[in-house]
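Coordinate inspection notes
Below are the chains, spelled out letter by letter.
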Amino acid sequence: MSAPNPEKIDPRAAIAEAAGKILAAEGIGALTARRLAAAGGCSVGTLYNLFGDLDGVVRAVNRTSMAQLYVHLERTEGQDCTARLLALAEAYRAFALAEPNRWEALFRHRLTPPGPKAPAVEPEAAQLFALLRDRAGPGFDDDALTALWAAVHGVVELAVNKRLIGADIGAEPRYLKLVVLGLVSALGSEQAER
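Residues numbered from 1 in each chain as written. Predicted model: local features only at pLDDT ≥ 70, side-chain atom pairs only at ≥ 80, totals over all residues. Heavy atoms only, no water.

This next bit is on the overall build of the protein. Looking only at helices and strands, one finds 9 helices and 0 strands in the protein. Reading the secondary structure of the protein in the N-to-C direction produces α-α-α-α-α-α-α-α-α. Out of the 194 residues belonging to the protein, those deemed buried represent 38%. Per element, the accessible surface of the protein, about 11,400 Å² overall, is 56% carbon and sulfur. (Helix = DSSP H or I, 4+ residues; strand = E, 2+ residues; numbered from the N terminus. Buried < 20%, exposed > 50% of the residue type's maximum accessible area, 1.4 Å probe, protein only. Areas by Shrake-Rupley, 256 points an atom, 1.4 Å probe, with all protein chains shown as cover.)

Moving on, we get to the pattern of salt bridges. Summed over the entire model, instances satisfying the criterion amount to 8 salt bridges. Close ionic contact of Glu124 with Arg63 constitutes a salt bridge, the shortest N to O distance being 3.0 Å. Separated by 61 residues along the polypeptide, Glu124 in helix H7 (residues 123–136) and Arg63 in helix H4 (residues 54–74) bring together distant segments of the chain. (Salt bridge = Lys/Arg side-chain N within 4 Å of Asp/Glu carboxyl O.)

A word on the environment of Ala19. One can find Ala19 in helix H1 (residues 11–26). The sequence separation of Ala19 and Leu31 amounts to 12 residues, and the corresponding C-alpha distance is 6.7 Å. When residues no more than four places from it in sequence are discounted, the contact partners of Ala19 are Leu31, Leu36, Val57 and Val61. (Contact = heavy atoms within 4.5 Å.)

Our focus in this paragraph is the nonpolar core. Counting 32 residues, the largest nonpolar core has Leu73, Leu85, Phe140, Val152 and Val156 as its most contacted members. For this core, the secondary structure elements donating two or more residues are H4, helix H5 (81–98), helix H6 (100–108), H7, helix H8 (142–160) and helix H9 (172–193). Considering each element in turn, this core owes the most residues, 8 residues, to H5. If sequence neighbours within four positions are ignored, Leu85 has contacts with Leu132, Ala136, Phe140, Leu148, Val180 and Val184. Core analysis: the second largest hydrophobic core is formed by 17 residues, Ala19, Ala37, Leu47 and Phe51 among them. (Core = buried A, V, L, I, M, F, W, Y, C linked by side-chain atoms within 4.5 Å.)

What follows deals with the packing of H4 against H6. It is the contact of H4 with H6, at a shortest axis distance of 10 Å, that shows an interaxial angle of 115°. Relative to H6, the element H4 lies roughly perpendicular. For the pair H4 and H6, the sense of crossing is left-handed. Residue-level contacts link Val61, Asn62, Ser65, Met66 and Gln68 of H4 to Arg102, Ala105 and Leu106 of H6. When its residues are assigned to classes, the contact of H4 with H6 shows 4 nonpolar, 3 polar and 1 charged. (Axes fitted to C-alpha atoms, helices over the stretch in contact; angles between N-to-C directions. Parallel < 35°, antiparallel > 145°, perpendicular 65-115°, else oblique. Left-handed = near helix turned anticlockwise from the far one by under 90°. Nonpolar A, V, L, I, M, F, W, Y, C, P; charged D, E, K, R; others polar.)

Two quantities define a packed helix pair, namely the angle between the helix axes and the distance between the axes. Two elements in contact, helix H2 (residues 33–40) and helix H3 (residues 44–51), have axes whose closest approach is 8 Å; the angle formed by their N-to-C orientations is 90°. Relative to H3, the element H2 is oriented roughly perpendicular. Together, Ala33, Arg34, Leu36 and Ala37 of H2 and Val44, Leu47 and Tyr48 of H3 make up the contact between the two elements.

Before going further, it helps to spend a moment on the side chain of Glu157. Looking at the element boundaries, Glu157 is found in helix H8. By relative accessible area, Glu157 is classed as buried at 15%. In contact with Glu157, not counting residues within four places along its chain, are Trp103 and Arg108.

Within the secondary structure, Arg93 is located in helix H5. We classify Arg93 as buried; its relative accessible area is 13%. Aside from chain neighbours lying at most four places away, what touches Arg93 is Val156, Glu172, Pro173 and Leu176.

The structure is reproduced here in structure tokens:
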């Protein structure tokens, strides 16, 4: 009679961990049910029972990626609002360039499946926006912060996909600075007009 194994593998955790490694190294297209089930030490049927489908596995990986992005962004510092926003923008770009496959999965795949019970904003996304709000400080409403994120994200997305047409290679930090400074300046002008 063999002794029970005290380190029994949690197939859900093993599958999510393996999926994260595969996705980061090879991209979302490399995730297959058989490969992930083997990594989790379970059958394909068990994988589907645990995650619903492969989309469920990707959503689990994306939640981990968003948590990693949050930790990466949280480390940024700056003396004033502009410096903090510039640091966030550059850290956002650095994460995307360091993790292009995770980045692609984050923005090409929904975190939450569509349906009547799906939250309007995933908790991980809300946490990231709260960090942006905190670093911006007073004077920025949610519309301004959303516009800033969208503009920064656009520059980063084009940089990751090497689609900044007519741009100098390596000029992305300068473009990010122009975006941040432009919004801060516009908000200052808007407040002065009130």
